[in-house]
Amino acid sequence: MDSPAPLNASPADMPPRSPALPEPASAAQQGFIRHTAHSPEVVAVSPGRVNLIGEHTDYNAGLCLPIALTQVTAAAASARTDEVVRIWSLDIDRHAAVALADVGEGKPRGWAGYVAGTVWAMREAGIPVGGMDVVISSEVPVGAGLSSSAAIEGAVAMAAFALFGGSIDPDDDARRTLALACQRAENEVVGAPTGGLDQTTSLLARPGHALELDFRDGGVHHTPFDIAAHGLEVLVIDTRAHHSLADGQYGKRRAECEEAARLLGVETLREASQDQVEGLTDGVLRRRARHVVSEIARVEAAVAALEREDFAELGRLFDSSHASLRDDYEVSCPELDVACEAARGAGALGARMTGGGFGGSAIALIETSAREAVEAAVRSAFAEAGLGEPNLFVASPGAGARVVLTTAEPQ
Ligand code: ADP
Ligand code: MG
């Protein structure tokens, strides 16, 4: 019998250890065994994101500049021989079983639609997938504007792709196809008319990089994002607020943009100039379009500022993006405004809401040395305003969706 390694063993004497799985991946793996009495054939993870700048521009054929988070959602899965998707979410303690034949426009709505809808949309895109058992576990805050929805879709898409004969490490073209299927699930099955920003980021991100996304031509450019080397970081302020008017307002903004484009005689607001927009006679449409056109220009300016390492300018662009979203697009709320003002007051280079708005999260560009002061200022501003405690953390640019465990032979 082997004697156990001595307590003072050097690392070379220690038994080899398997590489650590992200926490949600081992939770999903364990949950899968508990619920099905089998080990999952594959475990995949996909990240949440913060959009640095370029808000409400994706569905206007515009530009965005997101980073993926290191926080992920995991899907542990095995194929089934029937056409049923059985789903457990450990986060909300719910179970659902959905026949693929019953999935389509508007069904099932709610959380199961994100999972079954993704499998359905993959099949609609010609990817051969079938029934599966899936267990979900996530560390992306849900409904916080950090895209837990694209994270769950991306994890399911990667797992399903690996299970049914696709690669366990799909190339960028395959990832784009998966991202489109995820977006279709969210748009058609769940019924949320979001653009492609979230899914593209979750599927295509690379560690240490931001993504310059161009929704006119589908361009994806990976740009190094190493602000830590300059003593800076992105502080995420999850306000934990969710205002229920968010749901209808998103579709309303989208329709207003389409109407503004129609009145200006352009296909999308990407084609409109600031001067043209100022000529719109309807005040609401003029402000909506002004936000979109000016925000696209701010993304271009932010990319240029990053290139020349002008972080003061990047901060100013965050501030003007927030003002535009608050005043022209009208998607901010008191919690987001308080978060941004408090962060700026405590020395942040700039701050803005991120994500769709009406609650969710803000981001502040801060000096690492100022983190404690900014955090304290935000917390006390929330307390003074009678708001609930925010959740604060530093975002670092994480990797895109990936398979982290597989028992099947790689194809
Ligand atoms: P966000 O993407 O900003 O987190 P959304 O409203 O777009 O907010 O998506 C949140 C919804 O996605 C949840 O209400 C739920 O239906 C679904 N969802 C996300 N993550 C999970 C999860 N881990 N388990 C179950 N459902 C989830
Ligand atoms: Mg979402």
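Because the structure is a prediction, the values reported are computed rather than measured.

Draft legend 1. Inspection of the pattern of salt bridges at higher detail. One pass over the full model with this rule turns up 28 salt bridges. Across the pair D133 and R86 runs a salt bridge, and its minimum N-O distance is 2.8 Å. Residue D133 is found in strand 5 (residues 132-138), and its partner R86 is found in strand 3 (residues 84-89); the two are separated by 47 residues along the sequence. The exposure class of D133 is buried, given its relative accessible area of 9%. Residue R86 is classed as partly exposed on the basis of its relative accessible area of 26%.

Draft legend 2. Structural context of the packing of helix 8 (residues 283-307) against helix 9 (residues 311-327). Where helix 8 contacts helix 9, the axes come no closer than 10 Å and their chain directions differ by 170 degrees. The angle between helix 8 and helix 9 falls in the class roughly antiparallel. Contacts from R287, H291, S294, E295, R298, A301, A302, A305 and L306 of helix 8 reach helix 9 at F311, E313, L314, L317, S320, S321, S324, L325 and D327. Tallied by class, residues from the contact of helix 8 with helix 9 come to eight nonpolar, five polar and five charged.

Draft legend 3. Quick look at helix 4 (residues 172-190). Between its first and last C-alpha atoms helix 4 spans 26 Å; for 19 residues at 1.5 Å apiece the expected length is 27 Å, and the two agree. Turning to helix 4, its buried residues are A174, R175, L178, A179, A181, C182, Q183, A185, E186, V189 and V190. Buried-residue contacts for helix 4 involve helix 2 (111-124), helix 3 (148-163) and helix 5 (197-204). Directly beyond the C-terminal end of helix 4, a positive phi value near 90 degrees is found at G191.

Draft legend 4. View of the layout of surface pockets. What the largest pocket holds in volume is close to 1000 Å³. Together, 42 residues line the largest pocket, and Y114, G143, S148, S149 and E186 are the ones closest to its centre. Elements that contribute at least two residues to the lining of the largest pocket include exactly helix 2, strand 5, helix 3, helix 5, helix 6 (246-264) and strand 10 (359-367). In terms of residue count, helix 6 provides more of the lining of the largest pocket than any other element does, five residues in total. Per-class residue counts for the lining of the largest pocket are 15 nonpolar, 19 polar and eight charged. Approximately 190 Å³ is the volume found for the second largest pocket. In terms of lining residues, the second largest pocket is bounded by R176, A179, L180, Q183, G196, T200, L213, D214, F215, G218, G219 and V220. Those elements that place two or more of their residues in the lining of the second largest pocket are helix 4, strand 6 (209-214) and strand 7 (219-224). Top contributing element to the lining of the second largest pocket by residue count: helix 4, with four residues. For the lining of the second largest pocket, a count of residues per class yields five nonpolar, five polar and two charged.

Draft legend 5. The arrangement of the nonpolar core in detail. Among the nonpolar cores identified, the biggest contains 70 residues, and L52, L65 and L269 are the most heavily contacted of them. With nine residues, the top contributor of residues to this core is helix 8. Once you skip the residues sitting within four places of it in the chain, L52 turns out to touch L65, P66, I67, A210, F225, V234, F318, R352 and I363. Judged by nonpolar contacts, the second largest core, of 49 residues, contains A77, A96, V98 and A121.

Draft legend 6. A look at the environment of E367. Assignment of secondary structure puts E367 in strand 10. Put simply, E367 and L349 are 18 residues apart on the chain and 7.9 Å apart in space, counted from C-alpha to C-alpha. Those residues in contact with E367, other than ones at most four positions away along the chain, are G231, L232 and L349.

Draft legend 7. Here's a closer look at the pairing of strand 2 (residues 63-79). Summarising burial for strand 2: 15 of the 17 residues are buried, a large majority. Two elements, strand 1 (residues 42-53) and strand 2, share 10 bridges in a ladder whose sense is antiparallel. Paired with I53 across the strands is L65, a residue of strand 2. Bridging between strand 2 and strand 6 involves two bridges; their strand directions are antiparallel. The residue bridging C64 from the neighbouring strand is L213, located in strand 6.

Draft legend 8. Representation of helix 3 within the structure. Here helix 3 contains 16 residues, and its C-alpha end-to-end distance of 22 Å stays within 8% of the 22 Å for a straight helix at 1.5 Å per residue. With 16 of its 16 residues buried, helix 3 lies for the most part within the structure. Positive backbone phi, at 95 degrees, marks G165, one or two positions downstream of helix 3.

Draft legend 9. Highlighting the sheet that holds strand 9 (residues 350-354). With antiparallel pairing, the four strands of this open sheet are ordered in space as 9-10-8-11. Pairing within the sheet leaves two strands with one partner each, and these edge strands are strand 9 and strand 11 (391-395). When the angles between neighbouring strand axes are averaged without regard to direction, this sheet yields 25 degrees. Examined bridge by bridge, strand 8 (residues 232-242) and strand 10 share eight bridges and lie antiparallel to one another. What sits directly across from V236, in strand 10, is I363.

Draft legend 10. Structural detail: the packing of aromatic side chains. Evaluated as defined, the whole model comprises one aromatic pair. The ring of Y329 carries the charged tip of R253 above its face, separated from the ring centre by 6.0 Å.

Draft legend 11. Expanded view of the site of ligand 1. As a matter of local geometry, ligand 1 sits amid 17 residues, with S89, D91, G143, S148 and S149 nearest to it. Interatomic distance of 2.7 Å between a backbone N/O atom of G143 and an oxygen atom of ligand 1. One of the backbone N or O atoms of G145 is found 3.0 Å from an oxygen atom in ligand 1. When ligand 1 sits alone it has 560 Å² of accessible area, and the protein chains cover 79% of it. Here ligand 1 is seated within the largest pocket. Put simply, the parts of the chain that give the shell around ligand 1 at least two residues each are helix 2, strand 5 and helix 3. With three residues, helix 3 is the single largest residue contributor to the shell around ligand 1. Looking at the shell around ligand 1 residue by residue, the classes come out as nine nonpolar, seven polar and one charged.

Conventions we followed
Residues numbered from 1 in each chain as written. Chains lettered and ligands numbered in written order. Predicted model: local features only at pLDDT ≥ 70, side-chain atom pairs only at ≥ 80, totals over all residues. Heavy atoms only, no water. Salt bridge = Lys/Arg side-chain N within 4 Å of Asp/Glu carboxyl O. Helix = DSSP H or I, 4+ residues; strand = E, 2+ residues; numbered from the N terminus. Buried < 20%, exposed > 50% of the residue type's maximum accessible area, 1.4 Å probe, protein only. Axes fitted to C-alpha atoms, helices over the stretch in contact; angles between N-to-C directions. Parallel < 35°, antiparallel > 145°, perpendicular 65-115°, else oblique. Contact = heavy atoms within 4.5 Å. Nonpolar A, V, L, I, M, F, W, Y, C, P; charged D, E, K, R; others polar. Expected span 1.5 Å × (residues − 1). 1 Å grid on protein atoms, 1.4 Å probe; cavity = no way out; pocket = protein on both sides within 12 Å on 5 of 7 lines; lining within 4 Å. Points joined across faces, edges and corners; volume = space filled by probe spheres on them. Core = buried A, V, L, I, M, F, W, Y, C linked by side-chain atoms within 4.5 Å. Pairing = 2+ DSSP bridges. Phe/Tyr/Trp six-rings, centres within 6.5 Å; stacked < 30°, edge-to-face > 60°. Lys NZ or Arg CZ within 6 Å of the ring centre and 35° of its normal. Near = heavy atom within 4 Å. Polar contact = N/O pair within 3.5 Å; in protein donor to acceptor, adjacent residues only side chain to side chain. Areas by Shrake-Rupley, 256 points an atom, 1.4 Å probe, with all protein chains shown as cover. Sits in = over half its atoms within 2 Å of the grid points.

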